Structures are given as C-alpha cells and as structure tokens.
Amino acid sequence: MTTPFDPEPSPEFNTQCTAIMDSWEKGDLSFRDSVAQLDALRNQAAQDHHPANQGRVELILGVIQGYRANLDASITHFERARMYFEQAGNRRRAIGAILNLGESYRWKGSFARARQYFRAAFDGAEAVGDRYTQGLSALNEGQMLLSMEQPESARRSIETARELIASMETSDSQREDLLSEASVALAQVYLLTGDLQQAWSNICDGMRRAEVIAQPLQVGTAHRKMGEVLTALANAVPETSDFSTDPDEHFRAATEAFQEIKAEGELARTMYAHALSLANRGRGMTAARKMQQAMIIFTRLGMNDDAAKAARAQIDVLARATSTVEAVKAIDPDKPSQGNTTAAAT
C-alpha cells in the first residue's frame, strides 16, 4: 500500500528554510551563502522523498533569485514548487507558487501573463480561505497596474488588498510588511493622479512601518518612493515632516539598503527613479547618464518593460538638456551652460 505524502513541510525543515530567508532579508547572510544552504536543504528533501519540503525550498530559492532579478531561474524554481506542492496534495501552497510566478512575469514586463497568474492565485486563495494570499495577489496586481500607468484600477486593487491584509490572521511583522508595501504603492497612485497631499500621507505611513520592520527590501522601497514624492512636492513639503526633505538623501538610503542584499533589479529601479528626480530638478546631463546605466542593467536582467521606459525617458531628458544648453548659448555664448556646470560638479 502506498503511503500518502505529508502535505506540509516538516516543522524542522520549514524553520531552517525560513531562518535562511530571514537572514538574507536582514543582510546577515550573503546571496551566495543563502543559495548554497538552500541547495543543501533541497538535496536533503529529495533524498527524503518529501515533496512538500522540496516545494518549500524551491519557493524560497525562487524568491531570492527573483529579488536578484534572475527571473528565468526564479520562474523555474516557482514552477517546480507548484509541481511539488500539487504532488504533496497541498493546494494552498501551490497557489502561493502561482502568485509568485505572476510576480516574476510582472518583473519581466509580461503583464498579460502576470495578470492571469494573479487572478488565478486570488480566486484559488479565496476558495481555500487564504486571506493572506488573496491580499498579496491583489497588492501585486495593483503594482502591475501602476507599471501600466492605470492608477485608478491600481488604487482599487491596492485598497482591496489593504482591507484583506488588515483583517487577516497572521504575525504582526507579516501584516506590517504588507501594509507598508500597500502604503508605498498608494503613494505612487496619488503621484500619478496629482494628489500630492495623499501621496505624502501614504509615503509617511509606509516609511514609519518600514522603519519598524527594519528589513532592507521594505526600507529601500519606502526611501525610494519618499525621494519621488519629495521631488514632486518641491518647495511644498510640510514643515512638520519627521523625515529628511532632501530627495537625494532618500535615494542614497534606498541604494544602500538594496546593496546590502545585492538586489540588482531594485538597485536599477532606484537609479532610474533618482535619474527622473534629477531631471525634474534641472540636472539633465547627470540624469541622462544614470538612465543609461539603469537601462543597461534592466536589459541585462531581462526587465524589458523597465528597460523600454528608461530608454524613452533618456531620449526625453537629453532633448530637454540639449534645449537648455542651446538656449543659454543663445543668450550669452561665452557663459558656461547650466547643464554642463551641474554635470561637472556632480
């Protein structure tokens, strides 16, 4: 008689996987060491013929590879995780793998495919009563809609996510993590719709939650969005701000946080956001160089939508910077251009 597989990872194995993930997220363990330790656990799970353990370690490998923007590797791990969890008869965890597949395709810029996975994960999670995965599915779809510059649709998805997250039974740290991410995403919604007061309110909430969590990924994401919001506010920043009002300081803090865990995709996105901020503050040539660097990284990592946006933005920034130089020369041919002066001083 065939013995059925245990549908859940064994408690000890799950604790080992989670500890490696937590250490990597906090910057206490390098990417290489994290992968090496997870590979050892993967071999152990295979030897034990324990599909749920195999699925668990494949899922975490997919997450870590995803944050490094090794997207093809990430997708492979998530496909394996889904297969192992289905083999173990664990529908709830298989749905989690489907959600992560959607996120990987979102990063690749394959939005139609990503949306299919997000919807499948949301519906599947609802069927099994998993509010956490439901909330995360809605949040990820909202962020994808932001990438597609559909702020109203994004707002509806993110608000749905926030309601689900606030009501779910989970650890305080998990809830705060997702609520911080939701507030940062809503800040972007209101930036796109021009409601700077709401953008400011949401990014301050996201920053406060991220500081409590103190994980590099959330800290970096919140600082980057704060830099963007401050750029949009210009001289209209509230005097009672608890945070620095220098956008460059926040972009530097974001870069340091992502460097801590070598999250290349997030580093490139920070470089791109900083470039847009510099361009809006009249530092066009410096911005163009940063955009070029970001575009090269996006292309290398297969982040096609981000690469295309950076290419279009670089053309626009260079055109504006060139127009400024020509205008200055027309007024006073002997006067150094502001664009060149700024670039040399940076």
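The numbering scheme is per chain: residues are counted from 1 as the chain's sequence reads. Reporting of local features is limited, given that this is a predicted model, to residues whose pLDDT is at least 70; pairs of side-chain atoms are given and counted only at 80 or more, and all residues count toward the totals for whole chains, interfaces and linings. Side-chain metrics rest on all non-hydrogen atoms present in the structure, leaving aside hydrogens and water.

**Description of the environment of serine 74**
- Note on conventions: DSSP H or I runs of at least 4 residues are helices, E runs of at least 2 residues are strands, and numbering of each starts at the N terminus. Among the secondary structure elements, serine 74 is positioned in helix α4 (residues 71-88).
- Sequence-wise, serine 74 and glycine 227 are 153 residues apart; in three dimensions their C-alpha atoms are separated by 29 Å.

**Observations concerning the packing of helix α7 (residues 131-147) against helix α8 (residues 151-167)**
- Viewed as axis vectors pointing N to C, α7 and α8 meet at an angle of 160°, and their least axial separation amounts to 8 Å. One element, α7, and the other, α8, form an angle in the roughly antiparallel class. As for the relative orientation of α7 and α8, their crossing is left-handed in sense. Seen from α7, the contacting residues are Arg131, Gln134, Gly135, Ala138, Leu139, Glu141, Gly142, Leu145 and Leu146; seen from α8, they are Pro151, Ser153, Ala154, Ser157, Ile158, Thr160, Ala161, Leu164, Ile165 and Ser167. Axes here refer to lines fitted to C-alpha atoms; in helices the fit is confined to the stretch in contact. Angles between the N-to-C directions go from 0 to 180 degrees. Throughout, the term roughly parallel applies to angles under 35 degrees, roughly antiparallel to angles over 145, roughly perpendicular to angles from 65 to 115, and oblique to all others. The handedness criterion is simple: a crossing whose near helix is rotated anticlockwise from the far helix by less than a right angle is left-handed, and one whose near helix is rotated clockwise is right-handed. Every residue pair with non-hydrogen atoms within 4.5 Å of one another is taken to be in contact.

**Considering the pattern of salt bridges**
- Salt bridges are identified by distance alone: a Lys or Arg side-chain nitrogen within 4 Å of an Asp or Glu carboxyl oxygen. All chains considered together, the criterion is met by 24 salt bridges.
- We note a salt bridge from glutamate 58 to arginine 80, for which the minimum N-O separation is 3.9 Å. Pair noted here: glutamate 58 is in helix α3 (residues 51-67) and arginine 80 is in helix α4, with a separation of 22 residues, a long-range link.
- When accessible area is computed with a 1.4 Å probe and restricted to protein chains, residues below 20% of their type maximum are described as buried, those above 50% as exposed, and intermediate ones as partly exposed. Using a relative accessible area of 3% as the deciding quantity, one classes glutamate 58 as buried.

**A closer look at α3**
- With 17 residues, α3 should cover 24 Å at 1.5 Å per step; its first-to-last C-alpha distance of 25 Å lies within 8% of that length.
- Counting buried positions along α3 yields 16 of 17 residues, so the element is predominantly enclosed. One fewer than the residue count of a helix, multiplied by 1.5 Å, yields its expected span.

**So, the side chain of glutamate 103**
- Looking at where glutamate 103 falls in the secondary structure, it is placed in helix α5 (residues 91-108).
- Among the polar contacts listed, one links the side chain of glutamate 103 to the side chain of asparagine 140, at a separation of 3.5 Å.
- In this structure, glutamate 103 is in contact with Phe118, Asn140 and Gln143, ignoring residues within four places of it in sequence. Here a polar contact is recorded for every N or O atom pair within 3.5 Å, except that within protein the pair must consist of a potential hydrogen donor and a potential acceptor, and residues adjacent in sequence are included only if both atoms are side-chain atoms.

**A closer look at the nonpolar core**
- Nonpolar cores were defined as sets of buried Ala, Val, Leu, Ile, Met, Phe, Trp, Tyr and Cys residues, with membership established by side-chain atoms within 4.5 Å. The biggest cluster of nonpolar side chains holds 74 residues, and the ones touching the most others in it are Leu38, Leu139, Ile158, Trp200, Ile203, Met226 and Val229.
- With 10 residues, helix α9 (residues 172-193) is the single largest residue contributor to this core.
- With sequence-adjacent residues up to four places away left out, methionine 226 is seen in contact with Trp200, Ile203, Cys204, Met207, Phe243 and His250.

**Some points on the packing of aromatic side chains**
- Only rings of Phe, Tyr and Trp enter the pairing, Trp through its six-membered ring, and a pair is recorded when the two centres are within 6.5 Å. The plane angle decides the type: under 30 degrees is stacked, over 60 is edge-to-face, the rest tilted. Evaluation of the coordinates by the stated rule reveals three aromatic pairs.
- Taken together, a centroid distance of 5.7 Å and an interplanar angle of 5° make the contact between tyrosine 105 and tyrosine 117 stacked. Pair noted here: tyrosine 105 is in helix α5 and tyrosine 117 is in helix α6 (residues 111-128), with a separation of 12 residues, a long-range link.
- Residue classification places tyrosine 117 among the buried residues on the basis of a relative accessible area of 12%.
- Taking the ring centre of phenylalanine 31 as reference, the NZ or CZ of arginine 68 above it sits at 4.1 Å.
- Seen from the ring of tryptophan 107, arginine 269 lies directly overhead, with NZ or CZ sitting 4.1 Å from the centre. In this analysis the charged atom, NZ for Lys or CZ for Arg, is taken to sit over a ring once it is within 6 Å of the ring centre and within 35 degrees of the ring normal.

Functional significance is not addressed by these values, which are geometric in nature.
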